[in-house]
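Residue strings, one per chain:
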Amino acid sequence: MRMIMTSTAVNMIDQFNASNMRILREMGVEVHVATNFKEGSTTSDERTAEFKKELDAAGIRYHQIGFSRRPLAVWTHIRAYKAFLKLLREED
């Protein structure tokens, strides 16, 4: 079984979902993370890099999707939607 955890910003995954991902891994679920690692987060670049290393160590695959927290960023949302659909197709 696979599960993909998504959020517009990496800090939500890091601060609020780490324990959920750990529980899912313990249940044998293949966990993926799709979020915007590059912008829109309150997390520092250093913490983001450290978090990616933690995901690697835990066997959790992560994917950069250019989600935006700005509601009127229509073209950004469309690009993120298309990138997310592509990811879903590639990962089956």
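Residues numbered from 1 in each chain as written. Predicted model: local features only at pLDDT ≥ 70, side-chain atom pairs only at ≥ 80, totals over all residues. Heavy atoms only, no water.

*Asks:* Explain the sheet that holds strand β2 (residues 30-35) here, please?
*Replies:* Backbone hydrogen bonds hold the strands of a sheet together, and the pairing may be parallel or antiparallel. One open sheet holds the 3 strands; their spatial order is β1-β2-β3, and the pairing between them is parallel. This sheet does not close on itself; its edge strands, each paired only once, are β1 (2-6) and β3 (61-64). Between one strand axis and the next, the sheet turns through 20° on average, direction left out of account. Set on the sheet, helix α2 (residues 18-26) makes contact with β1 and β2; between it and β2 the angle comes to about 150°. (Pairing = 2+ DSSP bridges. Helix = DSSP H or I, 4+ residues; strand = E, 2+ residues; numbered from the N terminus. Axes fitted to C-alpha atoms, helices over the stretch in contact; angles between N-to-C directions. Contact = heavy atoms within 4.5 Å.)

*Asks:* What should I look at first to understand the side chain of serine 68 in this one?
*Replies:* Locating serine 68 in the fold gives a position in the loop between β3 and α4 (74-91). Within the structure, serine 68 has its side chain in polar contact with the backbone nitrogen of arginine 70 (distance 3.0 Å). Not counting chain neighbours up to four residues away, the residues in contact with serine 68 comprise Thr8, Ala73, Thr76 and His77. (Polar contact = N/O pair within 3.5 Å; in protein donor to acceptor, adjacent residues only side chain to side chain.)

*Asks:* Before we go on, may I ask you to explain the packing of aromatic side chains in this structure?
*Replies:* Two descriptors summarise a pair of aromatic rings, namely the distance from one centre to the other and the angle between the planes of the rings. In this structure the tally under the stated criterion is 2 aromatic pairs. Between lysine 52 and the ring centre of phenylalanine 37, over which it is positioned, the NZ or CZ distance is 4.9 Å. (Phe/Tyr/Trp six-rings, centres within 6.5 Å; stacked < 30°, edge-to-face > 60°. Lys NZ or Arg CZ within 6 Å of the ring centre and 35° of its normal.)

*Asks:* Honestly, the pattern of salt bridges in this entry has me stumped. Any pointers?
*Replies:* When the charged atoms of two side chains lie near each other, side chains of opposite charge can form a pair. Under the counting rule described, the total for this entry stands at 8 salt bridges. Where arginine 2 meets glutamate 91, a salt bridge forms, and the shortest distance between an N and an O atom there is 3.7 Å. Placement of arginine 2 in strand β1 and of glutamate 91 in helix α4 is noted, with a sequence separation of 89 residues between them. In this structure arginine 2 comes out as partly exposed when scored by relative accessible area, which is 43%. For glutamate 91, a relative accessible area of 19% translates into the label buried. (Salt bridge = Lys/Arg side-chain N within 4 Å of Asp/Glu carboxyl O. Buried < 20%, exposed > 50% of the residue type's maximum accessible area, 1.4 Å probe, protein only.)

So yeah, pure geometry; function would need other evidence.
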